[in-house]
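Structural characterization, general
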Amino acid sequence: QVQLVESGGGLVQAGGSLRLSCAASGRTFSSYAMGWFRRAPGKEREFVATISKSGGSTYYADSVKGRFTISRDNAKNTVYLQMNSLKPEDTAVYYCNAARGVVAARPDWGQGTQVTVSS
């Protein structure tokens, strides 16, 4: 059973940067494409970015393209999300999960990490 622990969130001013991390337990981390998702207050959880098993391919939601970068280190069982030029509309709880396209491949979620961007 894979467990995911997100970290790195916080309060930042608009235009600032944060780097999120997602540490996964289990030996099968490199067998999964991974993704970041977010849930803003009062909204449904939405797709942010995904990365292939090897890390060679990435895909982003239009709303974050050019500002966010997803990466992974399979030796550390960790996936990252570098977020630059943050906007108030990026405020949300951010989650990682195994991904199948732009949807989560697993029904279970971690606790997420809160990102708050002030204007």
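For the structure itself, look to the data block above.
Anyway, here's the lowdown on the structure attached to this text. (Residues numbered from 1 in each chain as written. Predicted model: local features only at pLDDT ≥ 70, side-chain atom pairs only at ≥ 80, totals over all residues. Heavy atoms only, no water.)

A closer look at empty space enclosed by the protein
- For the structure on display, the rule yields one cavity of 30 Å³ or more.
- Estimated volume of the largest cavity: approximately 50 Å³.
- Val2, Leu4, Phe29, Tyr32, Met34, Asn97, Ala98 and Arg106 together form the lining of the largest cavity.
- Here the residues of the lining of the largest cavity are counted per class, giving six nonpolar, one polar and one charged. (1 Å grid on protein atoms, 1.4 Å probe; cavity = no way out; pocket = protein on both sides within 12 Å on 5 of 7 lines; lining within 4 Å. Points joined across faces, edges and corners; volume = space filled by probe spheres on them. Nonpolar A, V, L, I, M, F, W, Y, C, P; charged D, E, K, R; others polar.)

Remarks on the packing of aromatic side chains
- Under the definition given, this model contains four aromatic pairs.
- On the basis of an interplanar angle of 70° and a centroid distance of 6.1 Å, the ring pair of Phe37 and Phe47 is categorised as edge-to-face. Taken together, the residues Phe37 in strand β4 (residues 34–39) and Phe47 in strand β5 (residues 45–51) connect sequence positions 10 residues apart.
- With 6.0 Å between their ring centres and 25° between their planes, Phe47 and Tyr59 make a pair best called stacked. Of this pair, Phe47 sits in strand β5 while Tyr59 sits in strand β6 (residues 58–60), and the two are 12 residues apart along the sequence.
- Classification of Phe47 as buried rests on a relative accessible area of 14%.
- For the cation-ring pair, Arg45 lies above Trp109, with the distance from its terminal atom to the ring centre recorded as 3.7 Å. (Phe/Tyr/Trp six-rings, centres within 6.5 Å; stacked < 30°, edge-to-face > 60°. Helix = DSSP H or I, 4+ residues; strand = E, 2+ residues; numbered from the N terminus. Buried < 20%, exposed > 50% of the residue type's maximum accessible area, 1.4 Å probe, protein only. Lys NZ or Arg CZ within 6 Å of the ring centre and 35° of its normal.)

Regarding the pairing of strand β1 (residues 4–7)
- Side chains Leu4 and Glu6 project from β1 onto a buried face, and the interleaved Val5 and Ser7 project onto a face without burial.
- The pairing of β1 with strand β3 (residues 18–24) spans four bridges and is antiparallel. Residue pairing across strands places Leu4 opposite Ala24, the latter belonging to β3. (Pairing = 2+ DSSP bridges.)

Some thoughts on unusual backbone geometry
- You will see that Asn77, though not glycine, has its phi angle at about 50°, which is positive.
- Mapped onto the elements, Asn77 comes out in the loop between β7 (68–73) and β8 (78–83).
- At Ser85, a position not held by glycine, the phi torsion is positive, near 50°.
- Within the fold, Ser85 resides in the loop between β8 and β9 (92–100).

Observations regarding the side chain of Thr50
- Within the secondary structure, Thr50 sits in strand β5.
- Polar contacts involving the side chain of Thr50 include one to the main-chain carbonyl oxygen of Met34, which spans 3.0 Å.
- Apart from the residues within four sequence positions on either side, Thr50 is in contact with Met34, Gly35, Ser57, Thr58, Tyr59, Ile70, Ala99 and Gly101. (Polar contact = N/O pair within 3.5 Å; in protein donor to acceptor, adjacent residues only side chain to side chain. Contact = heavy atoms within 4.5 Å.)

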